[in-house]
Amino acid sequence: MADSWSDFRRKAAIAGVGCTEFSKDSGKTEYHNALRAIQIAADDAGINVKDIDGIIYHNVDRVQEWQIADALGLKNIRFSFQSVQGAGGNCGAIGIAALALLAGKANYVVIYRTLNGRSQDRYGSARGSRYAESSAAWRAPFGLVVAAHMMAMRTRRYMLEFGAESRHFGAVSVAFRKHAAVNPEAFYYGKPITIEDHQSSPMIVDPLRRLDITPEYDAAGAVIVTTADRARHLRQPPAYIEGWAQATGSQIDPMTAANRERITVIEEVQYAAAEAYEAAGITPKDVQALQVYDHFTPMVIMAIEDMGFCAKGEGYQFVQDGGIEIGGKLPVNTHGGNLGEGYIHFMNHIREGVRQIRGTSPNQVPDCHVSMLMGGYGVTTSALVLGR
Amino acid sequence: MPIPEAATAERPLPIIDLDSEPFWDAVRNHTLVLQRCANCKTYRHPPMPMCPNCNSFDQEWVESAGRGKVHSWIVVRVPSHPFFGQVPYNVVLVEMEEGPRLFSNLLGVEPEDIYENMPVQVDFVDVEDDFTLFQFRPVGRT
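All chains use their own residue numbering, which begins from 1 and follows the written sequence. Both sets of labels track the order of writing: A upward for chains, 1 upward for ligands. Only residues with pLDDT of 70 or above have their local features reported here, since the model is predicted, and side-chain atom pairs are shown and tallied only from 80 upward, although totals for entire chains, interfaces and linings are computed over all residues. Side-chain descriptors were evaluated using all non-hydrogen atoms of the structure, hydrogens and water having been removed beforehand.

Visitor: Provide a residue-level description of the environment of Phe309(A), including the pertinent values.
Guide: All names here are of chain A. Looking at where Phe309 falls in the secondary structure, it is placed in the loop between helix H9 (297-306) and helix H10 (315-318). Only protein chains enter the accessibility calculation, which uses a 1.4 Å probe; a residue is then buried when its area is under 20% of its type maximum, exposed when over 50%, and partly exposed in between. Overall, Phe309 belongs to the buried group, its relative accessible area being 15%. Once the C-alpha coordinates of Phe309 and Asn48 are considered, the two residues, 261 residues apart in sequence, prove to be 40 Å apart. Once you skip the residues sitting within four places of it in the chain, Phe309 turns out to touch Tyr277, Pro284, Val287, Leu290, Ile304, Phe318 and Leu330. Starting at the N terminus, helices and strands are each numbered in turn, a helix being any DSSP run of H or I of at least four residues and a strand any DSSP run of E of at least two. Every residue pair with non-hydrogen atoms within 4.5 Å of one another is taken to be in contact.

Shown next as structure tokens:
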């Protein structure tokens, strides 16, 4: 019996990826967009959508697995499951898909996420809900109502503890917009920014400026996972699953971690990264390209620290002077991330992680054979290491 | 098509359940209580059924001294909720002397005058006929 992931290393792979266009109004239902993304991913892999026999959908998605199966005309979904916490669970869902595939429970598993996040359901504004339950009950009555507020609270603490300033966060925004500027699929294609643009963008929730905060989009994304044996006979070079991990951290209280010992430490990232490195048999030094969730620029800095790329409190220096740009110490979000390409709960980050392995990124890292992904955090999160 | 707005300009209120009822009942009476494990005496917040330290279900509610210090804070400058349309406003994370950290608002202070570890004292505001909110004020400025 296998008792460690290393027995499964490189035995499953991402064979296809697809995202719809990032827009402010897709003019389509989330259902429509999900099916389109799945079709793009299946075409990318070179399979027929009717080959899909496993589906993982998100616990925050309105479009459920049976709707996908019905519209694709699938007679039998042999494996279905749920990914957790939007952007947090995607990498873990791919790992779970690998386990199902290697146990013979499916041949082709699709993971998807669809959200009309601008025209329909804006995460950046609380829609005047009168009652707050669970963790929101302890913050919404005071006006702490959206993710930007929660992460601004952690950002302020980070500034107090380590001496970071707003302009330091701007380097993250500048780097990702630089990457997006040469990515034809990016919403901000051809639109780089300067640190001055960042510093003159309005303070939305002090200490976060507009250019620290991911914009909202309509989009859908999908990933096709299959066994390595099958993947080798498909259209694209396989992006092998070297390792993965899922983690929460203590007192996570999404997304505030208010009663964690240190709110500036993203414990779930520490745990997920450490376990994913071990599963893949690598160390941070081996990572050639990193796609990390970028809902807010200071959180990227904290995540880079907590993944072990630099010491705690040194991340805001690490990202300066092109440190996370292509050609820098650690190229991060080479597609532009949420801030530059688009936002669909990490599905486009996964697409980019796969592109780095295929050699087709708009900001290609030369000879990339270790591509790392760190999903959304502040909630249950997950990490993935892809190899060539 | 946009999801219809709830379009309420009313304050979001907590859904109170059996775990949190003693806390909000006390606030209604202008008292701040904190949940503590009756077994290992560890404080916890938000209220939950079990002690994260020793996993005991036995709990007690202890009246807080109401004193704490500002652990972190934000200043909202662009509104994200129809009720909280008056900007700027602050939200603070207060670390109580007893240990737990609570979100709240700091009254009677300009945003630029908030600082790390600023000593604060609890206060109570009857924001609705049947709902009281705990707030904080800088110590010595009640």
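Let us keep going from here.
Visitor: Any chance you could break down the sheet that holds strand S4 (residues 59-63) of chain B for me, citing the residues and the numbers?
Guide: Residues and elements named next belong to chain B. In spatial order, the strands read S3-S2-S4; together these three strands make up an open sheet with antiparallel pairing. A single partner strand is all that each edge strand has here, and the edge strands are strand S3 (43-44) and S4. Two strands pair under a simple rule: DSSP has to find at least two bridges between them. Looking at chain direction, strand S2 (residues 33-37) and S4 are connected through five bridges and run antiparallel. The residue bridging Val33 from the neighbouring strand is Glu63, located in S4.

Visitor: Describe the interface of chain A and chain B, naming the residues involved and giving the relevant values.
Guide: Contacts between chain A and chain B engage 42 residues on the former and 48 residues on the latter. Summed over both partners, the accessible area (1.4 Å probe) lost when two parts come together is defined as the buried area. Across the chain A/chain B interface, buried area totals approximately 4000 Å², and carbon plus sulfur atoms make up 59% of it. Of all residues in chain A, Arg130(A), Trp138(A) and Phe142(A) bury the most surface against chain B, accounting for 24% of the area lost on that side. We count a salt bridge whenever a side-chain nitrogen from Lys or Arg sits within 4 Å of a carboxyl oxygen from Asp or Glu. Our count for the contact surface shared by chain A and chain B stands at four salt bridges. Two residues, Asp206(A) and Arg77(B), come together in a salt bridge whose shortest N-O distance is 3.7 Å. Residues adjacent in sequence count toward polar contacts only when both atoms are side-chain atoms; beyond that, a polar contact is any pair of N or O atoms within 3.5 Å, and within protein one must be able to donate a hydrogen and the other to accept it. Summed over the shared surface of chain A and chain B, the number is 22 residue pairs in polar contact (both at pLDDT 80 or more). Those elements that provide at least two residues to the side of chain A that touches chain B are strand S5 (131-132), helix H4 (147-162) and strand S6 (203-206) of chain A. Ranked by residue count, the leading element in the side of chain A that touches chain B is H4(A), at six residues. A per-class count over the side of chain A that touches chain B returns 19 nonpolar, 11 polar and 12 charged. Note that S5(A) and strand S1 (residues 13-14) of chain B share two bridges and pair parallel. When residue character is reported, Ala, Val, Leu, Ile, Met, Phe, Trp, Tyr, Cys and Pro are called nonpolar, Asp, Glu, Lys and Arg charged, and the others, Gly included, polar.

Visitor: I'd love a proper account of the side chain of Arg358(A), names of residues and values included.
Guide: Residues and elements named next belong to chain A. Within the secondary structure layout, Arg358 lies in helix H12 (residues 347-358). A polar side-chain atom of Arg358 sits 2.8 Å from a polar atom in the side chain of Asp44. The contacts of Arg358, once residues within four sequence positions are left out, are Ala15, Gly16, Val17, Asp44, Gln236 and Pro237.

Visitor: Please give an account of the nonpolar core that cites residues and values.
Guide: Buried Ala, Val, Leu, Ile, Met, Phe, Trp, Tyr and Cys residues form a nonpolar core when they are joined through side-chain atoms within 4.5 Å. Counting residues in hydrophobic clusters, the biggest one holds 137 residues, and the most contacted among them are Ile14(A), Ile241(A), Leu290(A), Ile304(A) and Phe134(B). Excluding residues within four positions of it along the chain, Ile14(A) makes contact with Ile94(A), Val223(A), Ile224(A), Val225(A), Pro238(A), Ala239(A), Ile350(A), Val354(A), Leu384(A) and Leu386(A).

Visitor: So what about the pairing of S2(B)? Which residues, and what values?
Guide: All names here are of chain B. Where burial is concerned, most of S2 is hidden: four out of the five residues are buried. Bridging between S2 and S3 involves two bridges; their strand directions are antiparallel. The residue of S3 that forms the bridge with Arg36 is Tyr43. In sequence, S2 turns back onto S3 through a hairpin of five residues, with Lys41 there showing a positive phi of about 65°.

Visitor: Could you give an account of helix H8 (residues 267-280) of chain A, naming the residues involved and the relevant values?
Guide: Residues and elements named next belong to chain A. Given the number of residues in a helix, its expected span is that number minus one, multiplied by 1.5 Å. A rise of 1.5 Å per residue sets the reference length of H8, with its 14 residues, at 20 Å; its end C-alpha atoms lie 20 Å apart and thus fit the reference within 8%. If you check which residues of H8 are buried, you get Glu267, Glu268, Val269, Ala272, Ala273, Ala276, Tyr277, Ala279 and Ala280. Among the structural elements, strand S9 (239-247), H9, strand S11 (370-374) and strand S12 (381-387) are those in contact with the buried residues of H8. Within two residues after H8, Gly281 carries a phi angle of roughly 70°, on the positive side.

Visitor: Which residues make up the packing of H4(A) against H9(A), and what are the values?
Guide: Residues and elements named next belong to chain A. Contact geometry of H4 with H9 gives a least axis separation of 10 Å together with a crossing angle of 60°. For the pair H4 and H9, the sense of crossing is left-handed. Side by side, H4 and H9 meet where Met151, Arg154, Thr155 and Tyr158 of the first sit next to Pro298, Met299, Ile301, Met302 and Glu305 of the second. Split by residue class, the contact of H4 with H9 holds six nonpolar, one polar and two charged. Inter-axis angles, ranging from 0 to 180 degrees, are taken between N-to-C directions of lines fitted to C-alpha atoms, where helices are fitted over the stretch in contact. Note on convention: the crossing is left-handed when the near helix lies turned anticlockwise from the far helix by less than a right angle, right-handed when the turn is clockwise.

Visitor: Quick one: what's the story with empty space enclosed by the protein, residue by residue and with numbers?
Guide: Definitions used throughout: a 1 Å grid over protein atoms alone; a cavity as a set of points that fits a 1.4 Å probe which cannot get out; a pocket as an open set with protein on both sides within 12 Å along at least five of seven lines; a lining residue as one with an atom within 4 Å of a point. Grid points are joined across faces, edges and corners, and a volume is the space filled by probe spheres set on the points. If you walk through the whole model with that rule in mind, you get one cavity of 30 Å³ or more. Taken as a whole, the largest cavity spans an internal volume of roughly 60 Å³. Around the largest cavity, the lining residues are Ser135(A), Trp138(A), Asp253(A), Ala258(A), Asn259(A), His45(B), Pro46(B), Arg101(B), Leu102(B) and Phe103(B). When grouped by side-chain class, the residues that make up the lining of the largest cavity number five nonpolar, three polar and two charged.

Visitor: Now, about the packing of helix H5 (residues 166-181) of chain A against H9(A): what can you tell me, with residues and values included?
Guide: All names here are of chain A. Taken N-terminus to C-terminus, the directions of H5 and H9 make an angle of 95°; their axes are 8 Å apart at the nearest point. Relative to H9, H5 is oriented roughly perpendicular. Between H5 and H9, the contacting residues are His168, Phe169, Val172, Ser173 and Phe176 on the first element and Thr297, Pro298, Val300 and Ile301 on the second. The cut-offs work like this: below 35 degrees is roughly parallel, past 145 is roughly antiparallel, 65 to 115 is roughly perpendicular, and the gaps in between are oblique.

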